[in-house]
Number of protein chains: 2
Amino acid sequence: MPKVVDREEMQHGILDAAMQVYVKKGYHAATIADVAEAAGLGKGTLYLYFKNKEAIAISMVERHFKALEERFFGQEMPETLEDFVDGLSQTMNIPDDHAKFVRVFFEVFGPSFASDAFSAKVASFFDRLGDHYTGQIKHLQEVEQIRGDADAKQLGRAIAALTDGMILHKGLFSIPAKRHNGMRNEAIDMLVRGLVSSPK
Amino acid sequence: MPKVVDREEMQHGILDAAMQVYVKKGYHAATIADVAEAAGLGKGTLYLYFKNKEAIAISMVERHFKALEERFFGQEMPETLEDFVDGLSQTMNIPDDHAKFVRVFFEVFGPSFASDAFSAKVASFFDRLGDHYTGQIKHLQEVEQIRGDADAKQLGRAIAALTDGMILHKGLFSIPAKRHNGMRNEAIDMLVRGLVSSPK
DNA sequence: ATCGATTATGACTGGATGGTCAGTCATGTA
DNA sequence: TACATGACTGACCATCCAGTCATAATCGAT
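Residues numbered from 1 in each chain as written. Chains lettered and ligands numbered in written order. Predicted model: local features only at pLDDT ≥ 70, side-chain atom pairs only at ≥ 80, totals over all residues. Heavy atoms only, no water.

Caption draft 1: Representation of the overall build of chain A within the structure. For chain A, the helix and strand inventory stands at nine helices and zero strands. Among the 200 residues that make up chain A, the fraction classed as buried is 53%. Across chain A, the fraction of contacts at a sequence separation of at least 24, relative to all contacts at a separation of at least 6, is 70%. A total of about 9400 Å² of accessible surface is found on chain A, and carbon and sulfur atoms cover 51% of it. With 24 positive and 28 negative side-chain charges, chain A shows a spacing of 7 Å between the two charge centroids. (Helix = DSSP H or I, 4+ residues; strand = E, 2+ residues; numbered from the N terminus. Buried < 20%, exposed > 50% of the residue type's maximum accessible area, 1.4 Å probe, protein only. Contact = heavy atoms within 4.5 Å. Areas by Shrake-Rupley, 256 points an atom, 1.4 Å probe, with all protein chains shown as cover. Lys, Arg positive; Asp, Glu negative; His and termini not counted. Charge placed at Lys NZ, Arg CZ, Asp CG, Glu CD.)

Caption draft 2: Inspection of the relation of the copies chain A and chain B at higher detail. When chain A is brought onto chain B, the operation consists of a screw motion whose angular component is 180 degrees and whose axial shift is 0.0 Å, with 0.1 Å RMSD remaining. What the superposition gives is, in effect, a two-fold axis relating one chain to the other. Of the residues that chain A buries at the interface, 100% are likewise interface residues in chain B, meaning the two copies contact each other through the same surface. (Least-squares fit on C-alpha atoms with pLDDT ≥ 70 in both.)

Caption draft 3: Fine view of unusual backbone geometry. Residue and element names in this part refer to chain A. If you check the backbone angles, E144 has positive phi at about 55 degrees while not being a glycine. Along the polypeptide, E144 turns up in the loop between helix 7 (116–142) and helix 8 (152–173). Note on E144: relative accessible area 69%, which makes it exposed. Here the phi dihedral of S174 falls at roughly 35 degrees; this positive angle occurs in a residue that is not glycine.

Caption draft 4: Here's a closer look at the packing of aromatic side chains. Residue and element names in this part refer to chain B. What the rule picks out here adds up to 31 aromatic pairs over all chains. Measuring from centroid to centroid gives 6.4 Å for F65 and F126, while their planes differ by 90 degrees, and the two rings are edge-to-face. Highlighted residues: F65 in helix 4 (residues 53–73) and F126 in helix 7 (residues 116–142), separated in sequence by 61 residues. Note on F65: relative accessible area 11%, which makes it buried. Accessibility expressed as a relative area gives 14% for F126, which makes it buried. (Phe/Tyr/Trp six-rings, centres within 6.5 Å; stacked < 30°, edge-to-face > 60°.)

Caption draft 5: View of the interface of chain A and chain B. Listed by partner, the interface residues are 55 residues for chain A and 55 residues for chain B. Summing both partners gives a buried area of about 4500 Å² for chain A against chain B, and 65% of it is carried by carbon and sulfur. Linking chain A to chain B there are six salt bridges. Two residues, R193(B) and D149(A), come together in a salt bridge whose shortest N-O distance is 3.4 Å. Counting the contacts that link chain A with chain B gives 22 residue pairs in polar contact (both at pLDDT 80 or more). Among the elements that make up the side of chain A that touches chain B, the one with the highest residue count is helix 8 of chain A (15 residues). Counted by class, the side of chain A that touches chain B contains 28 nonpolar, 12 polar and 15 charged residues. (Buried area = accessible area lost by both parts, 1.4 Å probe. Salt bridge = Lys/Arg side-chain N within 4 Å of Asp/Glu carboxyl O. Polar contact = N/O pair within 3.5 Å; in protein donor to acceptor, adjacent residues only side chain to side chain. Nonpolar A, V, L, I, M, F, W, Y, C, P; charged D, E, K, R; others polar.)

See below:
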């Protein structure tokens, strides 16, 4: 019987290579030849594993969001405010390779590329992120760790936006770790006070 | 003497047309011919007003950031917490055309396009936004409108990130106005509580 | 060894597009 | 009316690149 390869592994390897190339040159500027070279493969070979250039980008984003999914939603329900804060802090503190990807992601998410379906998928991710925080907040309200008069739904979304803003700033402007930590601590401190303080 | 035109006005018109085209098709996908058609000009004419395709995008972003500059930094120093909140609220509530531009901007800000100089310029804008809030916070601390133990520098940056997150979510996911208002109010309410509450 | 199915390859092609430029047009002056 | 000058144009060109395909290498079963 013939030669046999692990398709999935091959695809992973290609995505890894593509990632490197895209971070450096950008998705639109990078050519298939660039990616093939980085992957140590012939140009034609890529087409055995991906239908076309677009499919590479889509798979890449999907893989990335799967990782984010685990990072963001994998956490268990916080029982205390402190747990909640830890989770937030961890979420905001994205690893460098994720940070590097931010710019590439946005390039791909631009109107030149993103189909409606793709956009909807991404939007839904952030919706779910909001829901995630909403769930946590509701729970914390139930166990009386935070004030009960907050609109959990909206607050969850606002926290998602805050988290996002922090992550994006880090990714887009390669803010030094030290400064980013400072921002993060101050943001979280402010948030915590906002969550516990009694009504005005 | 020959026909005479107002170069600046012409450039503005071209940028307006380009904006429309880019919002719809994206910068990378749009062709010079598209922009020329939208501007009601011949392809060659564009090159009388802009050196090349890149120059159009750069001018466009510069014009946009000039407008942002006024929107963001034009506000006067808040004397009360309420003034501060009003300013913030106004800043977060970007007009629709600015929101539409967000995606285009990010496409252009991707590694395919953005030179180091361009990136630095954008990064500096957001630095200044942080400084802007820092200045306001320091002032509010002086007039004892908010608690004095916050690290104004980091808090300013955090608020810039929060503001950004809210704006980006609105721009990227075309969040309905109603929901966005809800998020905004809740975010600001949380922020205010965080700014006044006594230390833990 | 041999063979055949699968996997790998890179020269090639068709299409697209940024940019040019030789020629035309429009305007105001003499 | 003739002329001078800048504004405008779009056919054309050179380049680039995604995707194809004829050919070759590779492996495993016999």
